[in-house]
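In case you want the letters, here they are:
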Amino acid sequence: MRADEEHAYVQYVSDRVLALRRTAYHLCGDWHEAHDLVQATCIKLYRHWGRISAADSPDAYVRQVLVNVYLQQRGTWWARNVRLFTDAEPDPAPAPALEHRVDLHAALAKLAPGQRAVLVLRYWEGLDVAETARVLGCSTGTVKSQTSYALAALRRLMPDYAWEAR
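Notes on the structure in this doc start here. (Residues numbered from 1 in each chain as written. Predicted model: local features only at pLDDT ≥ 70, side-chain atom pairs only at ≥ 80, totals over all residues. Heavy atoms only, no water.)

Looking at the overall build of the protein chain
Part 1: Helix and strand content of the protein chain: nine helices and zero strands.
Part 2: Along the protein chain, helices and strands appear, N-terminal first, in the series α-α-α-α-α-α-α-α-α.
Part 3: Across the 166 residues of the protein chain, 30% fall into the buried class.
Part 4: Residue pairs at least 24 apart in sequence account for 63% of intrachain contacts in the protein chain once pairs closer than 6 positions are excluded. (Helix = DSSP H or I, 4+ residues; strand = E, 2+ residues; numbered from the N terminus. Buried < 20%, exposed > 50% of the residue type's maximum accessible area, 1.4 Å probe, protein only. Contact = heavy atoms within 4.5 Å.)

Here it is, written out as structure tokens:
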């Protein structure tokens, strides 16, 4: 990679690393794993920076790479069979404003990786159905059905939550 391309890459990643880490956290639910996802994504970006920087929307391309890295890692034997424990004990009485967020993250962790990715892209990243389908490499009908299944699962997992009708 030429020096000017490398400088552009470093600038791009520096400007967007926090947003990438936040999206990765919403996908996986763990800050350490989110850091690993962003690191793996940045490696892929570096290897293909010439193509990415020439894309019409580098941010969309990068988001797609991040989601693909997440889904690939969820498909490994390690991710399916090994659960890591943290040393930190949870707060025994979370603040009322945080209770729903904690419940939501716990419920999201129980969803299939694809369903979780659909919800994160649609509701946290604010993508529409077509953009979500493009990122996930599936049809808009699949995005709609996965969204519906995921929301139904969240309603089952969080029966005491006051769901608003849209």
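Now, onward.
A short note on the nonpolar core
Part 1: In terms of nonpolar packing, the biggest core is built from 31 residues, with Leu27, Leu37 and Val67 touching the most fellow members.
Part 2: Elements supplying a minimum of two residues to this core: helix H1 (3–28), helix H2 (31–47), helix H3 (49–53), helix H4 (58–74), helix H7 (113–124) and helix H8 (129–136).
Part 3: Ranked by residue count, the leading element in this core is H1, at eight residues. (Core = buried A, V, L, I, M, F, W, Y, C linked by side-chain atoms within 4.5 Å.)

Notes on the environment of valine 135
Part 1: Among the structural elements, valine 135 can be located in helix H8.
Part 2: When its relative accessible area of 5% is taken as the criterion, valine 135 is described as buried.
Part 3: Taking the C-alpha atoms as reference, valine 135 lies 8.7 Å from leucine 121; in sequence the two are 14 residues apart.

Some details on H7
Part 1: Helix length check: H7, at twelve residues, gives a terminal C-alpha distance of 15 Å against a target of 16 Å (1.5 Å per residue), a fit within 8%.
Part 2: Taken residue by residue, H7 has Gln115, Arg116, Ala117, Val118, Leu119, Val120 and Leu121 as its buried positions.
Part 3: Directly beyond the C-terminal end of H7, a positive phi value near 75 degrees is found at glycine 126. (Expected span 1.5 Å × (residues − 1).)

Brief notes about the packing of H4 against H7
Part 1: At a minimum axis distance of 10 Å, the contact between H4 and H7 shows a crossing angle of 155 degrees. What the angle tells us is that H4 and H7 run roughly antiparallel. Note on packing geometry: the crossing formed by H4 with H7 is right-handed. Side by side, H4 and H7 meet where Arg63, Val67, Tyr70, Leu71 and Arg74 of the first sit next to Pro113, Gly114, Arg116, Ala117 and Leu121 of the second. (Axes fitted to C-alpha atoms, helices over the stretch in contact; angles between N-to-C directions. Parallel < 35°, antiparallel > 145°, perpendicular 65-115°, else oblique. Left-handed = near helix turned anticlockwise from the far one by under 90°.)

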